[in-house]
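# Structure at a glance
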Amino acid sequence: QTLKADLGRAMQNSEFELAFQPIIDLGSNQVRSFEALLRWRHPGQGCISPETFIALAEETGLIIPLGEWVLHRACAAAAIWRKGIRVAVNLSSGQFQSSDLPEAVADALAKTGLAPDMLELEITESVLLQHSETNLQTLKRLRELGVRIALDDFGTGYSSLSYLQRFPFNRIKVDRSFVMELPGHEESEVIVRAITDLGRSLGMAVTAEGVETRQQLDALRARGCDEAQGYFFSKPIAVEEIDGCLTRLE
Ligand code: G
Ligand code: G
Ligand code: MN
Ligand code: NA
């Protein structure tokens, strides 16, 4: 309850920050994008994970201004990166349902000058399941702006393959619970290969999350995965560390 009250003041007190985690192309070994990950530096409790406060922000309605702040900050950061490096932004269910989301996205792009196809929006399967007809319209409006859409945490929600058929995703992100078990765990290997083949057949790129070891990376590469992200390459870093990160990885 106090956390909820603190959250109300966190925006004015500038307690939110974005961290960025690189996503690497497994063909060229180049950094293709950075995922923006929200952090709350609570004055008393230190860094609080979005897993804890996003649900609270949805209850209080803060998710709308907070989500707009994230979009704006992420686009502003990406607008000055080396040409061709994208930024990925996570959307919560409440944000996705808000009728103003496409406007908020268009506004962030206009104000920062970021090219629309340099922005990728990540949504999870559970977001889609709840409101599928309006969701389809929202996704179409977002795609009309020229931004890209990724299906996050794939395989963990109530996966229905019909979503992949009906929604125009650009990318599938394989949940790290499958990556964690690679290599050697037969079920996970089969699942990762199936997701990769599915993505490829549907013209969607496939990114593996949570890659922590060289062995996992090799297994993913062997299975035709397009991109990877995880502590093996880099933990999420501050915006000032991005140039150094690019130099180190490439
Ligand atoms: O980096 P990490 O442990 O903190 O992220 C935890 C979870 O919070 C992930 O599921 C991630 O998708 C989500 N998340 C991170 N940043 C944001 C954000 O800006 N908005 C939303 N809605 N979720 C986020
Ligand atoms: O749900 P989403 O994919 O947006 O969540 C990203 C989350 O995964 C963040 O909390 C981020 O800090 C975390 N993360 C990123 N790379 C790794 C990794 O290699 N291992 C683990 N355990 N977590 C990771
Ligand atoms: Mn994500
Ligand atoms: Na994920």
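Residues numbered from 1 in each chain as written. Chains lettered and ligands numbered in written order. Predicted model: local features only at pLDDT ≥ 70, side-chain atom pairs only at ≥ 80, totals over all residues.

Taking an unreviewed UniProt entry as the reference, the chain is identified by name as EAL domain-containing protein belonging to Microvirga arabica.

## Focus: the site of ligand 1
In the vicinity of ligand 1, the contacting residues are Leu37, Leu38, Ser49, Pro50, Glu51, Ile54, Val70, Asn90, Leu91, Ser92 and Pro236. Where the shell around ligand 1 is concerned, the elements lending two or more residues are strand S2 (31-42) and helix H2 (50-60). Of the residues assigned to the shell around ligand 1, the class counts are seven nonpolar, three polar and one charged. (Near = placed C-beta within 6 Å. Helix = DSSP H or I, 4+ residues; strand = E, 2+ residues; numbered from the N terminus. Nonpolar A, V, L, I, M, F, W, Y, C, P; charged D, E, K, R; others polar.)

## Some thoughts on the packing of helix H3 (residues 63-79) against helix H5 (residues 101-112)
Between H3 and H5, whose axes approach to 9 Å, the crossing angle comes to 35 degrees. Between H3 and H5 lies a crossing of right-handed hand. Mapping the contact onto sequence places Glu68, Leu71, His72, Cys75, Ala76 and Ala79 in H3 and Ala104, Val105, Ala108, Leu109, Lys111 and Thr112 in H5. Class assignment of the residues belonging to the contact of H3 with H5 gives a composition of eight nonpolar, two polar and two charged. (Axes fitted to C-alpha atoms, helices over the stretch in contact; angles between N-to-C directions. Left-handed = near helix turned anticlockwise from the far one by under 90°. Contact = placed C-beta atoms within 7 Å.)

## Overview of the packing of helix H1 (residues 2-10) against H2
One way to put it is that H1 packs onto H2 with a least axis distance of 10 Å and a crossing angle of 75 degrees. Taken together, H1 and H2 sit at an angle that is classed as roughly perpendicular. Mapping the contact onto sequence places Leu3, Lys4, Leu7 and Gly8 in H1 and Phe53, Leu56, Ala57 and Thr60 in H2. (Parallel < 35°, antiparallel > 145°, perpendicular 65-115°, else oblique.)

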